[in-house]
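Spelled out from the first residue to the last, the chains are:
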Amino acid sequence: MQLHVNGEFIEVPKSVKTIPELIEHLDLSSPAMIVEHNEVILQKEERLNAVLSSGDKIEFVQFVGGG
Amino acid sequence: MQLHVNGEFIEVPKSVKTIPELIEHLDLSSPAMIVEHNEVILQKEERLNAVLSSGDKIEFVQFVGGG
Amino acid sequence: MQLHVNGEFIEVPKSVKTIPELIEHLDLSSPAMIVEHNEVILQKEERLNAVLSSGDKIEFVQFVGGG
Amino acid sequence: MQLHVNGEFIEVPKSVKTIPELIEHLDLSSPAMIVEHNEVILQKEERLNAVLSSGDKIEFVQFVGGG
Amino acid sequence: MLKIGDYQFNSRLFLGTGKFPNFDVQKEAVDASETEVLTFAVRRMNIFEPNQPNFLEKIDLRKYKFLPNTAGAKTAEEAVRIAKLADASGLCHMVKVEIIGCDKTLLPDPVETLKASEMLLNEGFTVLTYTSDDVVLARRLEELGVHAVMPGASPIGSGQGIINPLNLSFIIEQAKVPVIVDAGIGSPKDAVHAMELGADGILLNTAVSGAEDPVKMARAMKLAVEAGKLGCEAGRIPMKRTATASSPLEGVSV
Amino acid sequence: MLKIGDYQFNSRLFLGTGKFPNFDVQKEAVDASETEVLTFAVRRMNIFEPNQPNFLEKIDLRKYKFLPNTAGAKTAEEAVRIAKLADASGLCHMVKVEIIGCDKTLLPDPVETLKASEMLLNEGFTVLTYTSDDVVLARRLEELGVHAVMPGASPIGSGQGIINPLNLSFIIEQAKVPVIVDAGIGSPKDAVHAMELGADGILLNTAVSGAEDPVKMARAMKLAVEAGKLGCEAGRIPMKRTATASSPLEGVSV
Amino acid sequence: MLKIGDYQFNSRLFLGTGKFPNFDVQKEAVDASETEVLTFAVRRMNIFEPNQPNFLEKIDLRKYKFLPNTAGAKTAEEAVRIAKLADASGLCHMVKVEIIGCDKTLLPDPVETLKASEMLLNEGFTVLTYTSDDVVLARRLEELGVHAVMPGASPIGSGQGIINPLNLSFIIEQAKVPVIVDAGIGSPKDAVHAMELGADGILLNTAVSGAEDPVKMARAMKLAVEAGKLGCEAGRIPMKRTATASSPLEGVSV
Amino acid sequence: MLKIGDYQFNSRLFLGTGKFPNFDVQKEAVDASETEVLTFAVRRMNIFEPNQPNFLEKIDLRKYKFLPNTAGAKTAEEAVRIAKLADASGLCHMVKVEIIGCDKTLLPDPVETLKASEMLLNEGFTVLTYTSDDVVLARRLEELGVHAVMPGASPIGSGQGIINPLNLSFIIEQAKVPVIVDAGIGSPKDAVHAMELGADGILLNTAVSGAEDPVKMARAMKLAVEAGKLGCEAGRIPMKRTATASSPLEGVSV
């Protein structure tokens, strides 16, 4: 399945069906990861049951050093 | 007849029927007098045939020193 | 006997024969009194046996607030 | 004959016996040349009859650009 | 040549007409300044004491361009009305947008200033806008199409000169229209400073009208603006922390 | 009229002659500056390459007064010798006492400067002394009888302008002889500033000779000195923290 | 106590987290500064190089309040989106509105800044707005209800300190909410200066992260902010042009 | 550690003792400042009103080093006499050479100051000399062997702070003995400024004694001197004309 993640088009295996699975697949971790799914910002609890479909647009953002 | 001139209510004699007559009555003169009649700014030529009615609002303004 | 003390001419009784007696007579006290006797600055120990003569010039100075 | 001119030791032919001859020999010219002969500053008129001896110290200076 | 909209000026000094000791001194000062642009305010005539003298009677109206300001306006709408009144005088089509947002500092209101500038541009005026030295605000005004940006050097009449030369220079560097430094000029030094930064002109009033000798100060300001313009064009030396000799180091006779 | 000793000048701008790109530009700049006083250094002629051109050949010697400096001297004795050499040129009886005490900053040595000034006064010279902006040192120089005090604005050739206007104004207020601000002037603004503080004149060199266009900068400096002098005489407005309207507050038509 | 919205802080120093040489130095500097507020930017994670270290892992998240900025946004809409993303982290409900209107100066866009502040206030955020030192613009922001106004001292990262202390003091005098001086602080002197003017706090980043010794500079800034706050409260002596002796004039023994 | 002659100090803040509202406030302020050096003047006792309280009774004499000044002296000879009187107190062997050359500005006389410093060094005193910011004069003093150079920031009691940071930094760079900035400090900002320039310490009086709350100001000055010293050691960022982002430019989520 193809997804549009952080501005990049990537292929993920069929096994990746949810946001948590995508996070695990990409091996992402951050003390304060923020997830946006098809322009909708997900609160922490909403992530768990967020199901992915082909072509979904996902943004993974976090806090970085800034002034 | 009562007029509202430059924010003041004044009585003018019946003989004062037009803007030019009002200017003469008030003895006004200025190298660049500007006249507003009932919220309408009059161009020089329009003044001549501007007829006054009781309660009319007239503003006589001019250029003064400023920065 | 007349003395010239801190720019002032003063009369002191005969009993005042030494600097210590003059200090007592004037009732002077200071945590750090400095004495000059006829243009000679006296170290603490020198004061005790400093004998006065009529017309002597004495300066009593001290530390005061300053920047 | 050897002379010490402007800090340099130079040889001049016997024919050079005076300051004017030295100036001509060195081909010097300046709108305001100043000459010092053995530590003595020469006024314009004094130059003419200033006779040179071996080892004399001569300084030729002038005005140059400065602030 | 300074070009603002369709107007062209040889002089880069704009002179305000407020608060002169009397009309004779004012007339002389205006002459001495060699200005071509006079600013004015628009105010009600006194209908109970008519025929008070007016400075416009003292001067040859054809010799000057008139730049009425919108002083007194607190909103864009009030500013537009004042501009239209001024325009009806038939004396000018230029206007100085001036909308004060603070009575203590007389500093301009950026929101109403932007709005009024846009409205007056749509009405076809030649718009010169008095603004703070906010760099992006000045750019926004240019994007609207104002014919000149007029950032203040310091508060009106304060005579503090140029407090923030950095912002002024940024405004000048980004500008595609003339930048006229307005407000706060206190002495010729300040006028030269502004011109050296690259300003296209200066608008001042109190510095001249409030001087002990307004006529002499007007002449000083004229020369200052010229000196600053030439100095800017001549390309000043860079500043260095330490010294550089102007006399040769070698050839000292010792 | 600026009077220094027995000399009188209409121009209050003294111009140094060092480091111009070439004699033609220098000649034009000198003309544009309208200066009446040119400073020079005294150096050895090159006996191995004689007949190099000299700027003095380019100008009408009768049009200018010459102010040779003692640059290169580290002691009062060296300074006196250089002054006497200059005097023997028959071109002038004025001398600029300049004894540097620090190679990095080219700031003057107060002790040798005082000593040299006294010695040269005893020799009958007209003495103009380059000094720091030390206020009491300037007074000491006046007490010796120098004909002009020349405090620096900032280090020679640094172009930093007037770093300490307070000391300069103190020196000017106490002065009974002319005060010529010397060294550090970078742009016309600095020249105006010095004159507004009450200086009697300006001596500069690098600001003109080192400018991209020395001729235009010379003209700018001439105007700046005039603007500053007039501005000082005209009596500037006081600085105020807050604003004062230049347009009337009453009579707004609403 | 510094109160911003519902938050209270003992420290008046807010610290940015950008551009430190490494996390260990950064951690030490944060400790030395004794700050309670850390600013952050919001950026995409690198999905191709996951598990890069993040500074948040190094610190006790409960010890600090987090102030994410909207840097990167050019419009109010983009700023609001970034603020909402930051909010979704669950780490904070404060946001620093930062909308740059000029890439060279990084100065803020007044129009988009006003708009974004209003939108975010409507969304219930605690809004701290980075703004220019435009006095009326700061008042407009207060009228919208922002929880703190953060005027810049000079351009971000320029280290030029406070260029316009007059405008800052006007902003502080009119303020009914805390004024945090943000951007341009270069050294402890600048931080003391801002606090002496009456600022309620300082936000800085590069002055510490870019110092040769960031940890020592962080400690210096902590002391500077305290010194400036005390100095402001203590009531400084007025400036006088001339001198006043601190030692008695009478009683000299001669 | 600050070393002056044979003395060593942890505190770099020297405090004058003149013009405090009362001894209790003064005592508290001295404590708050954590100073180790107190300056005093030497004056005649009042023989007609003896037993007036003296501040020395209020403090533990062993806790402080005393730095008497020669204020009141107009000549080197008078200064030496005052120093010897002070020495006879048995309280100290340090002296602050202070010879005023101008009653209006209280600026020092360079000639008498040099002379007095030399004489007192020959007498074996530890000499700290108050001087102007004349760079070569300061070097001359060092060459005599003074134990500390104390250039003024601005006139005594004027509170104008550091008018000429360039000269101060030149004096500091050339110095082989401690440089204590004396006179003119008005607020903590000024103290930080001096220390950032690299000064070894600060001597102030009126800034604390004349503050509305001298005790709080004394504490502020203590922190300011520490902040400035740390800031100097930490190596500040360079100043740049334009901006540099502290947040990353890439990775913006849009």
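Above: the structure in question.
Heads up: these notes are all about the structure in this document. Worth saying up front: this structure is predicted, and the values here are computed from it rather than measured. (Residues numbered from 1 in each chain as written. Chains lettered and ligands numbered in written order. Predicted model: local features only at pLDDT ≥ 70, side-chain atom pairs only at ≥ 80, totals over all residues. Heavy atoms only, no water.)

1. Focus on the overall build of chain E
For step 1, the next point in the chain: The secondary structure content of chain E amounts to eight helices and ten strands.
For step 2, the next point in the chain: Here chain E has a C-alpha radius of gyration of 20 Å; the compact-globule value for 254 residues is 18 Å, and the two agree.
For step 3, the next point in the chain: Projected onto the principal axes, the alpha-carbon positions of chain E cover approximately 85 × 40 × 35 Å.
For step 4, the next point in the chain: Taking all 254 residues of chain E together, 66% fall into the buried category.
For step 5, the next point in the chain: Look at the contacts in chain E between residues 6 or more apart in sequence, and 65% of them connect residues 24 or more apart.
For step 6, the next point in the chain: When the accessible surface of chain E is totalled, it reaches about 8,500 Å², and 49% of it is carbon and sulfur.
For step 7, the next point in the chain: Taking the average place of the 27 positive charges on the side chains of chain E and the average place of its 32 negative ones, the gap between the two points comes to 1 Å. (Helix = DSSP H or I, 4+ residues; strand = E, 2+ residues; numbered from the N terminus. Rg over C-alpha atoms; globule rule 2.2 N^0.38 Å. Buried < 20%, exposed > 50% of the residue type's maximum accessible area, 1.4 Å probe, protein only. Contact = heavy atoms within 4.5 Å. Areas by Shrake-Rupley, 256 points an atom, 1.4 Å probe, with all protein chains shown as cover. Lys, Arg positive; Asp, Glu negative; His and termini not counted. Charge placed at Lys NZ, Arg CZ, Asp CG, Glu CD.)

2. Here we look at the overall build of chain A
For step 1, the next point in the chain: When you go through chain A residue by residue, the secondary structure sums to two helices and five strands.
For step 2, the next point in the chain: For chain A, the N- to C-terminal ordering of α and β elements is β-β-α-β-β-α-β.
For step 3, the next point in the chain: For 67 residues, the compact-globule estimate of 2.2 N^0.38 gives 11 Å, and chain A sits close to it at 12 Å.
For step 4, the next point in the chain: Considering chain A as a whole, with its 67 residues, one finds that 52% of them fall into the buried category.
For step 5, the next point in the chain: Within chain A, residue pairs in contact and separated by at least 24 positions form 54% of the contacts whose partners lie at least 6 positions apart.
For step 6, the next point in the chain: Only carbon and sulfur atoms are counted for the fraction: they give 53% of the accessible area of chain A, which is about 3,200 Å².
For step 7, the next point in the chain: Side-chain charges in chain A split into 5 positive and 11 negative, and the spacing between the mean points of these groups amounts to 3 Å.

3. Here's the deal with the environment of Ile237(H)
For step 1, the next point in the chain: With respect to the element layout, Ile237(H) can be found in the segment after α8 (214-234).
For step 2, the next point in the chain: Of the residues examined, Ile237(H) reaches a relative accessible area of 5% and is grouped as buried.
For step 3, the next point in the chain: In this view, Ile237(H) contacts Gly157(G), Gly159(G), Ile185(G), Gly186(G), Thr206(G), Ala207(G), Gly210(G) and Ala211(G); residues no more than four positions away in its chain are not counted.

4. Digging into the packing of aromatic side chains
For step 1, the next point in the chain: Summed over the entire model, instances satisfying the criterion amount to 20 aromatic pairs over all chains.
For step 2, the next point in the chain: Ring geometry for Tyr7(E) versus Phe9(E): centroids 6.4 Å apart, planes at 10 degrees, classification stacked. Each member of the pair, Tyr7(E) together with Phe9(E), is buried.
For step 3, the next point in the chain: Relative to Phe14(E), the ring of Phe9(E) lies with its centre 5.8 Å away and its plane at 70 degrees, an arrangement referred to as edge-to-face. A single burial state applies to Phe9(E) and to Phe14(E), both of which are buried.
For step 4, the next point in the chain: Grouping aromatic residues by their ring pairs yields a cluster made of Phe63(A), Phe40(G) and Phe66(G).
For step 5, the next point in the chain: The aromatic ring of Tyr130(E) is capped on one face by Lys96(E), whose charged end is 5.4 Å from the ring centroid. (Phe/Tyr/Trp six-rings, centres within 6.5 Å; stacked < 30°, edge-to-face > 60°. Lys NZ or Arg CZ within 6 Å of the ring centre and 35° of its normal.)

5. Brief notes about the interface of chain E and chain F
For step 1, the next point in the chain: Listed as interface residues are 66 residues of chain E and, on the opposing side, 66 residues of chain F.
For step 2, the next point in the chain: Summed over both sides, the interface between chain E and chain F buries roughly 5,600 Å², with carbon and sulfur atoms accounting for 59% of that surface.
For step 3, the next point in the chain: The interface formed by chain E and chain F includes two salt bridges.
For step 4, the next point in the chain: Glu233(F) is the salt-bridge partner of Lys216(E), the closest N and O atoms lying 2.8 Å from each other.
For step 5, the next point in the chain: Across the contact surface, chain E and chain F share 34 residue pairs in polar contact (both at pLDDT 80 or more).
For step 6, the next point in the chain: Of all the elements in the fold, those that place two or more residues in the side of chain E that touches chain F are β4 (37-44), α2 (76-87), α6 (188-196), α7 (206-209) and α8 (214-234) of chain E.
For step 7, the next point in the chain: Among the elements that make up the side of chain E that touches chain F, the one with the highest residue count is α8(E) (twelve residues).
For step 8, the next point in the chain: Grouping the constituent residues of the side of chain E that touches chain F by class yields 26 nonpolar, 22 polar and 18 charged. (Buried area = accessible area lost by both parts, 1.4 Å probe. Salt bridge = Lys/Arg side-chain N within 4 Å of Asp/Glu carboxyl O. Polar contact = N/O pair within 3.5 Å; in protein donor to acceptor, adjacent residues only side chain to side chain. Nonpolar A, V, L, I, M, F, W, Y, C, P; charged D, E, K, R; others polar.)

6. As for the sheet that holds strand β6 (residues 94-97) of chain E
Residue and element names in this part refer to chain E.
For step 1, the next point in the chain: Strands sit in the order β6-β7-β8 across an open sheet of three strands; the sheet is parallel. With partners counted over all chains shown, the strands left at the sheet margins are β6 and β8 (148-151), one partner each. Across the sheet, the mean angle separating the axes of adjacent strands is 20 degrees when strand polarity is ignored.
For step 2, the next point in the chain: One ladder, built from four bridges, connects β6 with strand β7 (residues 126-131); its direction is parallel. Along β7, the bridge assignment pairs Val-97 with Thr-129.
For step 3, the next point in the chain: The strands touched by helix α3 (residues 110-122) are β6 and β7; relative to β7, the strand with the most contacts, the crossing angle is about 175 degrees. (Pairing = 2+ DSSP bridges. Axes fitted to C-alpha atoms, helices over the stretch in contact; angles between N-to-C directions.)

7. Notes on the sheet that holds strand β8 (residues 148-151) of chain H
Residue and element names in this part refer to chain H.
For step 1, the next point in the chain: Taken together, three strands build an open sheet; the order of strands is β6-β7-β8 and the sheet is parallel. The outermost strands of the open sheet, each flanked by one partner alone, are β6 (94-97) and β8. When the angles between neighbouring strand axes are averaged without regard to direction, this sheet yields 20 degrees.
For step 2, the next point in the chain: Packing against the sheet, helix α3 (residues 110-122) makes contact with β6 and β7 (126-131), and its axis sits at approximately 175 degrees to β7.

8. Observations regarding the relation of the copies chain E and chain F
For step 1, the next point in the chain: Take chain E, turn it by 180 degrees, move it 0.0 Å along the axis, and it overlays chain F with an RMSD of 0.0 Å. Within this description, the copies of the chain are treated as partners about a two-fold rotation axis. (Least-squares fit on C-alpha atoms with pLDDT ≥ 70 in both.)

9. Topic: helix α3 (residues 110-122) of chain F
Residues and elements named next belong to chain F.
For step 1, the next point in the chain: Between its first and last C-alpha atoms α3 spans 18 Å; for 13 residues at 1.5 Å apiece the expected length is 18 Å, and the two agree.
For step 2, the next point in the chain: Burial in α3 covers these residues: Pro-110, Glu-112, Thr-113, Leu-114, Ala-116, Ser-117, Leu-120 and Leu-121.
For step 3, the next point in the chain: The N-capping residue of α3, defined by a side-chain oxygen 2.9 Å from the backbone nitrogen of Val-111, is Asp-109. (Expected span 1.5 Å × (residues − 1).)

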